[in-house]
Amino acid sequence: MWYILAFVFGAIIGSFLNAVIYRLSAEGLTLWDPPYSICPVCKHRLSWKDNIPLLSYIILKGKCRYCGAKIPIRYFLVELFNASFYAITIIFIKDFVLLISLWGIFSSLLAISFMDIETFSIHDSLIISLLIFSLLFSYKIHNLFYGSIAALAGFLLFIVLYKFKKGLGFGDVLLIGAAGFSMDMVKLNIAILVAAVIGIIYSLVAFKGYKPKKAIPFTPFLSVGIMVGIILMLRR
Ligand SMILES: [Zn+2]
């Protein structure tokens, strides 16, 4: 029963994340202004019917009701991923604070990843949100001392890579620094290894060994690695 509520809540938060991704990357928009949703193409004000998480996308067949512009599949995916994660984790995790910290970390990483894919940048507020939930998770699962060591190690390693090797953005450095708190050294290494392996497999499959024409954002791979590390932290 609870997982149905968690799914619905996750979809609503996912819908909010979509608004955050769009608003933080669009010119002249803030999270509060305008206070209602608009179509990015025709600027038409959206009604509640167009804003139901997951369902509106299906009912409207992925098109704006007013101008027919295609709504990016990202809107549907973010809501679906977020809702599914909330529903699955509530089955296994009975500690409320731990659950909230895990949801916060996942949602922050989800927004960061999709924002990076679309805009090649990460907004500071998302890193701060990740940091807060990561500290909360660290406090619940082990202690801040071990978390701080992993965070510092990840931050230093990535800043060296960022300085001397192209391909890593400063956002990746901040990301591992913020998420590092939720892991110990072993899980941090696993997280980075998983991220590197998926990144390599992706570029082999997508580009067949050729050099890609434009840079590939690394944060989605890093986020998957971090989630693997964090889930391993849970089973001790
Ligand atoms: Zn429109």
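No experiment lies behind these values; they were computed from the predicted model shown.

Scoring rules and cut-offs
Residues numbered from 1 in each chain as written. Predicted model: local features only at pLDDT ≥ 70, side-chain atom pairs only at ≥ 80, totals over all residues. Helix = DSSP H or I, 4+ residues; strand = E, 2+ residues; numbered from the N terminus. Rg over C-alpha atoms; globule rule 2.2 N^0.38 Å. Buried ≥ 20, exposed ≤ 12 C-beta atoms within 10 Å, placed from the backbone. Contact = placed C-beta atoms within 7 Å. Domains from an automatic or database assignment. Axes fitted to C-alpha atoms, helices over the stretch in contact; angles between N-to-C directions. Parallel < 35°, antiparallel > 145°, perpendicular 65-115°, else oblique. Left-handed = near helix turned anticlockwise from the far one by under 90°. Nonpolar A, V, L, I, M, F, W, Y, C, P; charged D, E, K, R; others polar.

Bringing the overall build of the protein chain into the picture now. A tally of helices and strands in the protein chain yields nine helices and zero strands. Secondary structure elements in the protein chain, listed N-terminal to C-terminal, are α-α-α-α-α-α-α-α-α. For 236 residues, the compact-globule estimate of 2.2 N^0.38 gives 18 Å, and the protein chain sits close to it at 18 Å. By principal-axis analysis of the C-alpha atoms, the protein chain measures approximately 50 × 45 × 35 Å. In the protein chain, buried positions account for 36% of the 236 residues. When contacts within the protein chain are restricted to residue pairs at least 6 apart in sequence, long-range pairs at least 24 apart make up 70% of them.

Attention now goes to the domain arrangement of the protein chain. Each assigned domain of the protein chain is listed with its residue range as follows: domain 1 (1–92) and domain 2 (121–236). Taking only C-alpha atoms, the centre of domain 1 and the centre of domain 2 are 26 Å apart.

Turning our eyes to something else, we now look at unusual backbone geometry. In the Ramachandran plot, Lys43 falls in the positive-phi region, its phi being about 65° despite a non-glycine side chain. In this fold, Lys43 is placed in the loop between helix H1 (2–25) and helix H2 (55–59). With 10 C-beta atoms packed within 10 Å, Lys43 lands in the exposed category. Unlike most non-glycine residues, Lys61 shows phi in positive territory, near 55°. Positionally, Lys61 belongs in the loop between H2 and helix H3 (74–92).

The contact between helix H5 (residues 124–141) and helix H7 (residues 170–180) brings their axes to 7 Å, and the two run at 20°. As far as their axial angle goes, H7 and H5 are roughly parallel. As for the relative orientation of H5 and H7, their crossing is right-handed in sense. For the pair H5 and H7, contact is made by Ile127, Leu130, Leu131 and Ser134 and by Leu174, Leu175, Ala178 and Ala179, respectively. Looking at side-chain class alone, the contact of H5 with H7 contains seven nonpolar, one polar and no charged residues.

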